[in-house]
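# Residue-level structural notes
Residue-level listing of the chains:
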Amino acid sequence: MKGTVHYTEDNNIALLKIDNPPVNPLSSGVRQGLYDGVSKALVAEHIEALVLTGMHRAFIAGADIGEFGEAAQEAVGLNEVIEKIESSKKPVIAAINGTAFGGGLEVALACDYRVASENAPVGLPEVKLGLLPGAGGTQRLPRLIGSEKALAMILSGEPFFASAAKTLGIIDHVVVQDLVEETIEFAKNIVLGGSKTRKIRDISDQIIEDRQNLKMFERLKLSLEKTHRGQFAPLKIVECVEAAVRSDNFDDGLATEREKFSECLKHPQREALIHIFFSERAANKIPGLSKNDVVSEVKKASVVGAGTMGGGIAMCFANAGISVRLHDNDEDNLNRGMELIRKNYAGTVEKGRISQAEMDKRLSLITPTIEFVALADGDIVVEAVYENLDLKKEIFSKLDKVMKADAILASNTSGLDIDAIAAVTKRPHSVCGMHFFSPANVMKLLEVIRGAHSSKATLASAMGLAKKLDKVAVMAGNCPGFIGNRMLRGYSQQAQMMILEGALPAQIDRVMFDFGLAMGPFAMSDMVGLDLGWRARKMVGGSNEVTARIPDELCELGRYGQKNGKGYYQYEDGSRTPIEDADANEVIRRVAAELGFEKKEFSNDEILKRCLYPLINTGANLLSEGHALRAGDIDTVYVNGYGFPKYTGGPMWFADTQGLENVLNDIERFYKETGDDLWRPAELLKTLARDGRTFASLDT
Ligand code: NAD
């Protein structure tokens, strides 16, 4: 059995210490140890109160998710442990020394009192894994703090530090110095005061009050469509808390919770979300890189280009406490960039997410400079100038001359050749790609691009830095568009082809929105601006691609997208809500006719496949080429960088759930119908489909 619990006594107080490093998950040995330890203390006559605490850095970080779905363990279940604690006639006090998440907080809620170190975070993050707190959390928390606050906490899955949790009413006492010593004192005082127990299951004043406001549950259920669109667990959470409020019988509520927990457990979203959870962690482990590779610590950073990306990247460094020089050769752009950074921080202060003092501190870490040489002492430089290979080469040859010898030289290019950029330097081993996503200070994803000559130290340092910047990093090979943008090409191309073939932007966008994307391809194009691609195409003398015809035509007519209120859709003054536009649809119809396309009807299913299957086919090619290391890496890229719904598990996981043979059949059909190389079935997909295997099976 994994993990254990140490039992000691301090006179009349039993002390149970949970030991399952590093974060004390509720593995079988911990559950059994808690059960046995509590049982022992309950029969020992001289023991008058119990204190439970964690060794290492956590109290209990939650369930051992490695144990999910496995055959029943030989140890007692968590609910039996909790029942044992809650039925104790001797007061049980949780001494929360560190993280108390999920089942860990539920154990603490079964105790009579909760004392916590001031830096200990508490939370119920189950919703993030498609689950609900299934060990009484949805029943005890509303009794303790009221259903509205309980629901906000459970639905967000976000943790609170002990002092905030005390204000909420979850924690009774916050300790600054020696937690265990003070909790034992606390326990002794309870004993002196008559050993009063306080079972949350018996507290009812909050839920009786909430019973007067049952409409709240209806309102909340409706709002889930916006806040948790497409997700299964959140509705079940609301239903559980509602059950707690509606019934006087605590055990009825518990039974409801168990029933809904098992519905979540069986739901495919749970497995998909756990796949993403593990994939994000695995993405940071790179074959060939080891802990022994020298990782240079980044204390000072430099950024070239103070535009959309450069400004956001500078903020990432400042947010992580790293000082950064931000250079632009255009003074107006530099000033505009700094102004935008200030505005962004001010917005965050306004929302109450950081203090004014924190904003000042972060701003003071960013030094704007018009002088290129001022970049020289950065441990890393990230280049974010226009997407133009010649310009990037020019910048890198200048960087090669000024940057200190062991600096990392990174480019934020969206898809240009990293090796061509590295080749202009005398130190290609120090060059890699660091592809941030827009807005860089918000988006979690970072693609680290491995050039042919990037050294292990360079890559290990870039991956290590990503962690420091609180990013989810994925290593990608050097091919046009890397992982994410290379896959996106087929998606966008098919969306364009379908409007030529007779579908309308609104129909396609609706299908993709209903699938779970934040927005469909045309609403997205309007947001980014149709004119960017149009201008880029014009610079190289225009494009012959049929897929460029409609956006080019719309731009010629002055329809640039959201920025001027007209694109594929129209937008009312300042609004971002797309409204179907007969004029745009007419342009589409006309261009399609001019190009000789015959109008056909599209089913939603066909639209979905035409948009998603290019992602899968290209993803399979990326895997066999070695440009993506794992199917889970591709899924991580898509859910963190492209708004792909997490609960589908990402495109490759989604393909697995459809059955690869079915996916292949459709791709073969599209290939036959169009002859388009995009649809040439990937060899890897053919092999896996033939062998009845999945993409996920490649990662295990
Ligand atoms: P941008 O046009 O907003 O900013 C580019 C900045 O670079 C401008 O301020 C310009 O003055 C500056 N610049 C140009 N030449 C320079 C030089 N010689 N020396 C110093 N500064 C110079 O561009 P952006 O959207 O921030 O894109 C920058 C890079 O990031 C591109 O490679 C782009 O492909 C990539 N990228 C963009 C996005 C996005 O969504 N915008 C996302 C990921 C990656």
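Residues numbered from 1 in each chain as written. Predicted model: local features only at pLDDT ≥ 70, side-chain atom pairs only at ≥ 80, totals over all residues. Heavy atoms only, no water.

## Here's the deal with the sheet that holds strand β12 (residues 323-327)
Operational definition: For two strands to count as paired, DSSP must find a minimum of two bridges between them. A helix here means a DSSP run of H or I that spans at least four residues, while a strand means a run of E at least two residues long, and both kinds are numbered starting from the N terminus. Axis definition: a line fitted to C-alpha atoms, limited for helices to the stretch in contact. Angles are taken between N-to-C directions and run from 0 to 180 degrees. Contacts are assigned to residue pairs that have any heavy atoms within 4.5 Å of one another.
With respect to topology, eight strands assemble into an open sheet ordered β13-β12-β11-β14-β15-β16-β17-β18, the strand pairing being mixed. Each end of this open sheet is capped by a strand with a single partner; those strands are β13 (366-369) and β18 (472-477). The sheet shows a mean angle of 25° between the axes of neighbouring strands, direction not considered. Across three bridges, the pairing between strand β15 (residues 408-411) and strand β16 (residues 431-436) is parallel. Bridge pairing in β16 places leucine 409 opposite valine 431. Set on the sheet, helix α26 (residues 631-641) makes contact with β17 (445-450) and β18; between it and β18 the angle comes to about 125°.

## Brief notes about the site of the ligand
Where we set the bar: Each residue is tested against the molecule or strand, and it is near if at least one of its non-hydrogen atoms lies within 4 Å. Counting of polar contacts relies on pairs of N or O atoms within 3.5 Å, with two restrictions inside protein: one atom must be capable of donating a hydrogen and the other of accepting it, and residues adjacent in sequence are counted only when both atoms are side-chain atoms. All accessibility values rest on the Shrake-Rupley procedure with a 1.4 Å probe; residue burial counts only the protein chains present in the view. For this classification, Asp, Glu, Lys and Arg are treated as charged, while Ala, Val, Leu, Ile, Met, Phe, Trp, Tyr, Cys and Pro are nonpolar and the rest, including Gly, are polar.
Lining the immediate environment of the ligand, one finds 24 residues, of which Met309, Asp328, Glu387, Lys392 and Ser414 sit closest. Threonine 308 is positioned with one of its backbone polar atoms (N or O) 3.0 Å from an oxygen atom of the ligand. At a separation of 2.5 Å, an oxygen atom of the ligand approaches a polar side-chain atom of glutamate 387. Contact with the protein chains covers 81% of the free accessible surface of the ligand, which is 830 Å². Elements with a contribution of two residues or more to the shell around the ligand: α13 (308-319), α16 (389-402) and β16. With three residues, the single largest contributor to the shell around the ligand is α16. In terms of residue class, the shell around the ligand is built from nine nonpolar, 11 polar and four charged.

## Considering the domain arrangement of the protein
Let me state the cut-off plainly: For the domain bounds, the source is a domain assignment made automatically or taken from a database.
What the domain assignment lists for the protein is domain 1 (4-266), domain 2 (300-479), domain 3 (503-594) and domain 4 (604-699). With centres defined by C-alpha atoms, the gap from domain 1 to domain 4 works out at 41 Å.

## Quick look at the nonpolar core
This is how the line gets drawn: Here, the term nonpolar core denotes a set of buried Ala, Val, Leu, Ile, Met, Phe, Trp, Tyr and Cys residues that are joined through side-chain atoms within 4.5 Å. For the exposure calls, accessible area comes from a 1.4 Å probe over protein chains only, and a residue counts as buried if that area is under 20% of its type's maximum, exposed if over 50%, partly exposed in between.
Judged by nonpolar contacts, the single largest core of 88 residues is most densely connected at Leu399, Ile483, Tyr568, Leu612, Tyr613 and Phe695. It is helix α25 (residues 604-625) that contributes the most residues to this core, 10 residues altogether. If near-sequence neighbours (up to four positions away) are discounted, leucine 399 is found in contact with Val304, Phe372, Leu375, Val381 and Arg427. By size, the runner-up hydrophobic cluster in this structure holds 64 residues, among which are Leu34, Val76, Ile154 and Phe217.

## So, the packing of α25 against helix α27 (residues 651-658)
Put simply, the rule is: Every angle not falling under 35 degrees, over 145, or within 65 to 115 is termed oblique; those three ranges are roughly parallel, roughly antiparallel and roughly perpendicular.
Packing of α25 against α27 brings their axes to within 9 Å, and their N-to-C directions diverge by 110°. Here α27 runs roughly perpendicular to α25, going by the angle between their axes. Every residue of α27 that contacts α25 at Leu612, Tyr613, Leu615, Ile616, Gly619, Ala620 and Leu623 is listed here: Pro651, Met652, Phe654, Ala655 and Gln658. Of the residues belonging to the contact of α25 with α27, the class tally is 10 nonpolar, two polar and no charged.

## A short note on a negative patch on the surface
The condition is simple: Residues form patches when they are more than 30% accessible in relative terms and have no salt bridge. Like charges link within 9 Å. Nonpolar side chains (Val, Leu, Ile, Met, Phe, Trp, Tyr) link within 5 Å. Salt bridges are counted wherever a side-chain nitrogen of Lys or Arg sits within 4 Å of a carboxyl oxygen of Asp or Glu. Only four residue types enter the tally: Lys and Arg on the positive side, Asp and Glu on the negative side; His and the chain ends are excluded. Charge coordinates come from a single atom per side chain, which is NZ of Lys, CZ of Arg, CG of Asp or CD of Glu.
A cluster of like negative charges, contributed by Asp178, Glu181, Glu182 and Glu185, occupies part of the molecular surface. In this fold, glutamate 185 is placed in helix α7 (residues 179-192).

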